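If you want the building blocks of each chain, they are given just below.
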Amino acid sequence: MQITDLLTPGRIALGVSVGDKRTAIHALVGMMQRTGCLNDPQQYEQAVLDREAQGTTGVGGGIAIPHGKSGAVRQPALAALTLRDPIDYDALDGQPVRLIFLIAAPAGQDNLHVQVLARLAQLLMEPDFCGELLAADTPAAFLEVVARREQGATPHEARAGEAASLPPPPPRPRILAVTGCPTGIAHTYMAAEALESAAQRMNVAIKVETNGADGVRDALTPEEIAGAECILIASDKAVETARFAGRPVIRVPVAQALKSPEQLLHRALSGTTPVFRPETAEETLARNRVDFSDRTSSRAALEAFGHKVYSDLMNGISHMIPFVTGGILLALSYFLDRSNAGTAAFGTGNSLAWLLRSLGNTAFQMMYPILAGFIAVAVGDLPALAPGLLGGLMAQSGMAYADQSTWVSSGFWGALVAGFAAGLLIRLLRRLCSRLPAAVEQVKVTLIYPVTGMALVGLMMAFLINPPLGRFNDWLYHCLGTMRNGSRIVLGAVLGSLMAVDFGGPINKAAYLFGTVTLVNGQQTFMAAVMLGGMVPPIGVALACTLFPKKFTRKERHTALTNYFMGACFITEGALPFALRDPLRVIPSCMVGSAVAAAMSIYFGCTVPAPHGGLFLLPLASHPFLFLLSLAVGSLITALMLAALKAPAVEEN
């Protein structure tokens, strides 16, 4: 695949006049849409703008490379725009932008196109190449410049060829670098190219590992790490750092490598870089200790600490959720064994039903070890994985010091405690082992950390965590199982309303988490209530746009079809743009509709076997028509409340 395979004359516009960044991106998305590259232009454009919110893609030199990876992209593609008058793009060097390339990357496909886009990023670092593009007078000429340059070697390849033809250079200072950005498409490779170019000018040997969307390339070896003078990490996403223990390490945002690569290399060669060692639990607490005499700093510190804990927890939950969908396999096993319905043998009447039931149960059993393991990794890096997995497995089984007949699973809460404890414990072990000779580094990683970590986590779970949390878990689910209809309806209404408070934020995630945990423990009715609570907001606002168009702008009405689909798929975030524009009317309307739908679902006894899927789970749900009725009533209530509360819309100019 070549760059010219992704860029066509129909996606090139020259000498265009635009007022700002958003207008330029909208024009580029329009070219993508007209040439059939997108399934949903609004969704893709929002993905590009969300990436811009994480940090500017104005890389300097008058160039910007906005990009987005989304399921709304039908096929990987490029679009290009040259501007008649430069615009302010918040670029890294503060200079206005005249040349913009838009990258469209599809989600869930192979990443061959990422390698091509990396080549484009490298080419754009050459001022002569950019000058030729700006001088092109037709799209065909623009494309010819790209094709002509692409037939030659990239600067990176040219340097490699020159190096192969020259005698080995004398020993020079050696620097290792790691680059990465959230999407792993443009900044990752441009930062690598900037560091390599600066190193060549300074006659410094360097190797750069890129952590892009197509995985890790040019990975650093243990021998290279041991012999490096300094390791430079220019990344906006997490990279593996345990391997750098005991070596001088500099950590900066990826944008700094693009903006001032030579300054970073001088800093790396200065000999003043501190040696990296993983932070211990005590140091974490000290760093996050709050001085309550200073309200501003204490609030910032508490917010930073809360964000870190939340992100660590979500790292475990995001890896856990796919295993919860094993409930679909269980439901399919029952669906295939209707002849045994109502008996203890339900789900085992034929070999296929038995196999699906076994697979579903196995997936459920893996859920808590995965949760604890990946929380531990987020807190204590990769060495904490084994202790975290063991702690999660013990939480799932309820293993305790008492007789096995008294074991009670501590479930989600036990796995959560095990994950954080394992991560903090590995941090402490690293601190204690930091004075050991470098020669035993491999012994620490392969023996000391896993053996000591698993032993201590296992003892902690058996004596301190599983007994009390197991009893609490048993009491909690006994209460849920004995709730009368009125209590269950109230709880369902509360869960449904919480799903519509922040549309995918922490409160929404807390209610969703409660539904998934009860689902694993056999309470499928609450998962149905939670799912309806998340489906009502996007469908409700879409229904309001359809029934009461004068209450919404033309732009809002155009999103109605998308929101119907997002609601059907249980994607609550579809209502978020409406809530941001008018929170005092949209949020209460969505909360009331979601609460009513969830309460009706509990009253009717609706159940769903998995935490995701929306209407696609209807064939596997109990009372599917009553589930649809609950969804329709809740969505209609939301639409009617919006119509009553909102004033007629004023069209934006």
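Residues numbered from 1 in each chain as written. Predicted model: local features only at pLDDT ≥ 70, side-chain atom pairs only at ≥ 80, totals over all residues. Heavy atoms only, no water.

1. As for unusual backbone geometry
A positive phi angle, close to 60°, is found at Asn 203, a residue other than glycine. With respect to the helices and strands, the residue Asn 203 is situated in the loop between helix H8 (187-201) and strand E8 (205-212). Non-glycine residue His 623 carries a positive phi angle of around 55°. Among the secondary structure elements, His 623 is positioned in the loop between helix H25 (583-604) and helix H26 (624-645). (Helix = DSSP H or I, 4+ residues; strand = E, 2+ residues; numbered from the N terminus.)

2. Structural notes on the nonpolar core
One finds Ile 317, Met 320, Val 324, Tyr 368, Leu 371, Val 608 and Phe 627 to be the most contacted residues of the largest nonpolar core, which totals 64 residues. Not counting residues within four places of it along the chain, the set of residues in contact with Phe 627 comprises Ala 528, Leu 532, Met 535, Cys 606, Val 608, Leu 615 and Leu 618. Counting 48 residues, the second largest nonpolar core, distinct from the first, contains Ile 12, Phe 142, Ala 198 and Ala 199. (Core = buried A, V, L, I, M, F, W, Y, C linked by side-chain atoms within 4.5 Å. Buried < 20%, exposed > 50% of the residue type's maximum accessible area, 1.4 Å probe, protein only. Contact = heavy atoms within 4.5 Å.)

3. Overview of the packing of helix H14 (residues 326-335) against helix H15 (residues 351-380)
The N-to-C vectors of H14 and H15 enclose an angle of 155°; their axes lie 7 Å apart at closest approach. The angle between H14 and H15 places the two elements in the roughly antiparallel class. Between H14 and H15 the crossing geometry is left-handed. Taking contact as the criterion, the partners of Gly 326, Gly 327, Leu 329, Leu 330, Leu 332, Ser 333 and Tyr 334 in H14 are, on H15, Ala 353, Leu 356, Arg 357, Leu 359, Gly 360, Asn 361, Ala 363 and Phe 364. (Axes fitted to C-alpha atoms, helices over the stretch in contact; angles between N-to-C directions. Parallel < 35°, antiparallel > 145°, perpendicular 65-115°, else oblique. Left-handed = near helix turned anticlockwise from the far one by under 90°.)

4. Examining the packing of helix H5 (residues 127-135) against helix H6 (residues 139-151)
Contact geometry for H5 and H6: axes closest at 8 Å, N-to-C directions at 155°. Classified by the angle their axes make, H5 and H6 are roughly antiparallel. Each of Asp 128, Phe 129, Glu 132 and Leu 133 in H5 lies in contact with H6, whose residues at this interface are Phe 142, Val 145, Val 146, Arg 148 and Arg 149. Its residues placed into classes, the contact of H5 with H6 shows five nonpolar, no polar and four charged. (Nonpolar A, V, L, I, M, F, W, Y, C, P; charged D, E, K, R; others polar.)

5. Considerations on the confidence of the model for the protein
Overall, the prediction assigns the protein a mean pLDDT of 80, with 84% of residues at 70 or greater. When mean pLDDT is compared element by element in the protein, H26 scores highest at 94, while helix H7 (residues 155-165) scores lowest at 44. Low pLDDT, under 50, characterises residues 153-173; the stretch is placed with 23 contacts to residues that sit more than four places away or in other chains. Ignoring residues within four places in sequence, the model shows residues 280-285, a span with pLDDT below 50, making ten contacts including any to other chains. (pLDDT = per-residue confidence, 0-100.)

6. Comments concerning a nonpolar patch on the surface
Side chains of Phe 335, Leu 336, Leu 352, Trp 354, Leu 355 and Leu 359 sit close together on the surface and give an oily, nonpolar patch of about 570 Å² of accessible area. The element that contributes the greatest number of residues to the nonpolar patch is H15, accounting for four residues. By the secondary structure assignment, Phe 335 is in helix H14. Classification of Phe 335 by relative accessible area gives partly exposed; the value is 39%. (Patch = residues over 30% accessible without salt bridge, like charges linked within 9 Å, V, L, I, M, F, W, Y side chains within 5 Å. Areas by Shrake-Rupley, 256 points an atom, 1.4 Å probe, with all protein chains shown as cover. Salt bridge = Lys/Arg side-chain N within 4 Å of Asp/Glu carboxyl O.)

7. Topic: the pattern of salt bridges
Considering all chains together, one arrives at eight salt bridges under this definition. Glu 224 is the partner of Lys 207 in a salt bridge, and the nearest nitrogen-oxygen pair spans 2.9 Å. On the criterion of sequence distance, the pair formed by Lys 207 in strand E8 and Glu 224 in helix H9 (residues 222-227) is long-range, its members being 17 residues apart. Exposure remark for Glu 224: the relative accessible area of 18% places this residue in the buried category. The shortest N-O distance in the salt bridge between Asp 582 and Arg 585 comes to 3.2 Å. Judged by its relative accessible area of 13%, Asp 582 is buried.

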